[in-house]
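The lines below spell out each chain.
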Amino acid sequence: MHEVAQLEALLGEVRPTRGGVLAVLGGNDRLIITETFARPFTVTQVEEIALLEHHGDDTWTLHVRSPEGEWEVFFDVAEHQPFDVILSELHDDPSGYFWG
């Protein structure tokens, strides 16, 4: 899937402020960006940062976790957008939500 390669390239460019390791999980219609924290003498922690949901009309929706832990549509990007719009939002992160 071409979108996975684009996301992985983006993750190679951004520097999260918390210092974890970024990765893309999933495939097909759902891609999840994770950040893994592995510190000596503690349990490895994996946080799901974002969910990208693919729709049948070749558009995508960007989701984030709500305070209750449920996926919800990210407030700065409307649903059903071209992948480039989602990628641009993640790259620029104007709200500082993803990478600080």
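In short, a report on the structure. Quick caveat: nothing in here was measured; it's all calculated off a predicted structure.

**Observations concerning unusual backbone geometry**
No. 1: The phi torsion at His 80 lies on the positive side, around 55°, for a residue other than glycine.
No. 2: Along the chain, the position of His 80 falls in the loop between strand E5 (71-73) and helix H2 (83-92).

**Some remarks on the nonpolar core**
Taken as a class, soluble globular proteins show a tendency for nonpolar side chains to be buried jointly.
No. 1: One finds Leu 7, Ile 33, Leu 52, Leu 62, Leu 90, Phe 98 and Trp 99 to be the most contacted residues of the largest nonpolar core, which totals 23 residues.
No. 2: Residue assignment for this core shows that the elements contributing at least two residues are helix H1 (2-13), strand E1 (21-27), strand E2 (30-37), strand E3 (45-54), strand E4 (60-65) and H2.
No. 3: With residues near it in sequence (within four places) discarded, Leu 90 still touches Leu 7, Leu 10, Ile 33, Leu 52, Leu 62, Phe 98 and Trp 99.

**Some words on the environment of Trp 99**
No. 1: Looking at the secondary structure, you find Trp 99 in the segment after H2.
No. 2: As a C-alpha pair, Trp 99 and Asp 58 span 41 residues in sequence and 26 Å in three-dimensional space.
No. 3: Residues in contact with Trp 99, not counting those within four places in the same chain, are Leu 11, Val 14, Arg 15, Pro 16, Thr 17, Leu 22, Ile 33, Ile 49, Leu 90 and Asp 93.
No. 4: For Trp 99, the side chain forms a polar contact with the main-chain oxygen of Leu 90, separated by 2.6 Å.

**A look at the environment of Arg 15**
No. 1: Locating Arg 15 in the fold gives a position in the loop between H1 and E1.
No. 2: Here the alpha-carbon distance between Arg 15 and Asp 76, two residues 61 residues apart in the chain, equals 21 Å.
No. 3: There is a polar contact of 3.4 Å between the side chain of Arg 15 and the backbone oxygen of Gly 12.

Calculation rules
- Residues numbered from 1 in each chain as written.
- Predicted model: local features only at pLDDT ≥ 70, side-chain atom pairs only at ≥ 80, totals over all residues.
- Heavy atoms only, no water.
- Helix = DSSP H or I, 4+ residues; strand = E, 2+ residues; numbered from the N terminus.
- Core = buried A, V, L, I, M, F, W, Y, C linked by side-chain atoms within 4.5 Å.
- Buried < 20%, exposed > 50% of the residue type's maximum accessible area, 1.4 Å probe, protein only.
- Contact = heavy atoms within 4.5 Å.
- Polar contact = N/O pair within 3.5 Å; in protein donor to acceptor, adjacent residues only side chain to side chain.

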